[in-house]
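Chain by chain, the residues:
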Amino acid sequence: MSRKILSVALALILAVGFASFVTRADVTGNFNASVTVEPIACGALPFVSFPGSENTTFNCEKTMTKTDFVTEMNINWTISGLTLGFHAHAGFTGLEDVITNLQATLGALNITDQFVFAMPFGSDTLLIHNTAGTQTHSQTVYTLIPTNSDGSSSLLFVKKRVSASISIAGITLTNLAILEDTSFPSPSAAQPAIYLAASQTFNFGDTITIEGQTVSGITVRNITGIGMDPQGYNIIKHHTFPGVVCAEAGAAGVPLTFAVEKIQVEGIPVGPVNVNEYLEFRFNPDACTGLAASPFSSMTSLSFNTALGAVSATLTSTNITEQLFSGVSLTLSSGGLTIVQNFNSTLTPTTTSVTLATTLNPDSNPASLTLTANAARGTGLTSLSADLSVQRSGVTFETVTTLSGSGTVTLSGLEFIVTATAGAVNLTADVTAVPAWEGVFGAGINF
């Protein structure tokens, strides 16, 4: 009997201790939902009975619409330096992704562990047209790829990412290790008929980054990637992850080892000029599908101040063994004015971009205005955009107008954006009127 009493007492002590531990936990997160509405031109509907509708192109009110609904949930549970995170997207296609996160600080060591599960999506064309085919309505849409032989779909394990960083004596060492399904369909690509768990191909990649500063303030960074490109991006629906693992395949089944070595030196003072230098070496570049095949590339940037403003120049070379530079970009910034002039390898001007950012009526009821003009050699003005933003009492109104063309520009884009915040609630409305009407309406709550 005494042993049972002792067991019950220990259980109560553990329960009380765990409860008191949990009460000190901090739970935060947010929930967001958005609805996209886009009308279909009446003339494209196959059952519209307007007189002569099949021989004309027209729009009308109260037409049928296409809609999309997406929700996003993020929950973070923090306990004494340890954070457990949960993220999920869901929509008309069901649960689309689940990501779990674990972040911990152990002295000077920071660790982030991430598991990614997702549904495979591809791209297809939604086509609607009338019976005569004189007016059509088409749009690229994401389509869910079946993952089971019976045509149903379920979440698949896509990748595991582990990042660890530590700073010792002014030197920061970071390691990113990724186990990734390199065959997982890209949502922007044409969809396969089916993608089973047996179709998955997992490969491993690792990137080590060492960074520090000299006594004079020069930053030195060395990045080494083995089996992965740290500058590439892996994409699933709703998410873009930095770093892509290579799908290596050598001749006769012998795998090739892809590796990239990048050396970055920033803040080199050469008199009044500040110099940044980037060198990149790729070993077996053909082994990583979809990446640049150039084995040696470089980029040099120079910046200095003049009476006219700040000037910077960037020289890039896609292959330094063949040519010193493949392109040059020259930037002049003065106040809110920025001019960017690009040149090719023969120093012939190619494109020009001019941006003016200013504040209208700064003393009372200010508004932000950004004007951007782009031109190309031999074509002239190619686009002109104006972004006007006004904020009043927690509500932001923004309109973006774009003119584009070749020499002669016409109205190509007109967008209105309204965002409002009231306590923990966020509301957004994004309506595009040109080139086609589309509305995205969202609501979210932070907790």
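Everything below is about the structure shown above.
Fair warning: this is a prediction, and the values are worked out from it, not measured in the lab. (Residues numbered from 1 in each chain as written. Predicted model: local features only at pLDDT ≥ 70, side-chain atom pairs only at ≥ 80, totals over all residues. Heavy atoms only, no water.)

Caption draft 1: Main features of the packing of aromatic side chains. Summed over the entire model, instances satisfying the criterion amount to six aromatic pairs. Here the aromatic rings of Phe 117 and Phe 157 are separated by 5.6 Å at their centres, their planes lie at 55°, and the arrangement is tilted. With Phe 117 in strand E5 (residues 109-118) and Phe 157 in strand E8 (residues 156-168), this residue pair connects regions lying 40 residues apart in the sequence. Here Phe 117 falls in the partly exposed class, since its relative accessible area comes to 29%. According to the relative accessible area criterion, Phe 157 is partly exposed, its value standing at 24%. Look at Phe 157 and Phe 202: their rings are 5.6 Å apart centre to centre, the planes differ by 20°, and that puts the pair in the stacked class. In this pair, Phe 157 sits in strand E8 while Phe 202 sits in strand E10 (residues 202-213), placing the two residues 45 residues apart along the sequence. (Phe/Tyr/Trp six-rings, centres within 6.5 Å; stacked < 30°, edge-to-face > 60°. Helix = DSSP H or I, 4+ residues; strand = E, 2+ residues; numbered from the N terminus. Buried < 20%, exposed > 50% of the residue type's maximum accessible area, 1.4 Å probe, protein only.)

Caption draft 2: Spatial organisation of the nonpolar core. Of all hydrophobic cores here, the largest spans ten residues; its members are Ile 99, Val 116, Ala 118, Ile 145, Leu 156, Val 158, Phe 184, Tyr 195, Ile 236 and Phe 241. Elements represented by at least two residues in this core include exactly E5 and E8. For Ile 236, the residues in contact, after removing those within four places along its chain, are Val 116, Ala 118, Val 158, Phe 184, Pro 187 and Phe 241. (Core = buried A, V, L, I, M, F, W, Y, C linked by side-chain atoms within 4.5 Å. Contact = heavy atoms within 4.5 Å.)

Caption draft 3: Region of interest: the environment of Ser 188. Looking at where Ser 188 falls in the secondary structure, it is placed in the loop between strand E9 (171-181) and E10. Placed 46 residues apart in sequence, Ser 188 and Tyr 142 show a C-alpha to C-alpha distance of 7.9 Å.

Caption draft 4: How the structure looks around the side chain of Lys 66. Relative to the assigned elements, Lys 66 resides in strand E2 (residues 65-79). Only 2.8 Å separates the side chain of Lys 66 from the side chain of His 137, close enough to count as a polar contact. Excluding its chain neighbours within four sequence positions, the residues that come into contact with Lys 66 are Thr 36, Val 37, Glu 38, Ile 40, Leu 126, His 137 and Gln 139. (Polar contact = N/O pair within 3.5 Å; in protein donor to acceptor, adjacent residues only side chain to side chain.)

Caption draft 5: Broad picture of the environment of Thr 174. Relative to the helices and strands, Thr 174 resides in strand E9. Sequence separation between Thr 174 and Ile 111 is 63 residues, and the spatial gap between their C-alpha atoms is 9.8 Å.

Caption draft 6: Examining unusual backbone geometry more closely. For the bond from Val 434 to Pro 435, the omega torsion is 15°, close enough to zero to count as cis. The phi dihedral of Leu 347 is positive, around 60°, even though this residue is not glycine. By the secondary structure assignment, Leu 347 is in the loop between strand E19 (337-344) and strand E20 (349-360).

Caption draft 7: Broad picture of the side chain of Gln 264. Secondary-structure assignment places Gln 264 in strand E14 (residues 259-270). Reaching out from Gln 264, the side chain makes a polar contact with the side chain of Arg 221 at a distance of 2.3 Å. Among residues more than four places away in sequence, those in contact with Gln 264 are Thr 219, Val 220, Arg 221, Ile 223, Glu 277 and Tyr 278.

Caption draft 8: A look at the pattern of salt bridges. One pass over the full model with this rule turns up nine salt bridges. Where Lys 160 meets Asp 113, a salt bridge forms, and the shortest distance between an N and an O atom there is 2.7 Å. One end of the pair, Lys 160, is in strand E8; the other, Asp 113, is in strand E5, and 47 residues separate them in sequence. Residue classification places Lys 160 among the partly exposed positions, given a relative accessible area of 22%. Between Lys 262 and Glu 280 there is a salt bridge; the shortest N-O distance is 3.9 Å. Within this pair, whereas Lys 262 is found in strand E14, its partner Glu 280 is found in strand E15 (residues 273-283), the two being separated by 18 residues in sequence. Judged on exposure class, the residue Lys 262 and its partner Glu 280 are both buried. Beyond isolated ion pairs, a larger network of salt bridges with shared partners links Asp 229, Lys 262, Glu 280 and Arg 282. (Salt bridge = Lys/Arg side-chain N within 4 Å of Asp/Glu carboxyl O.)

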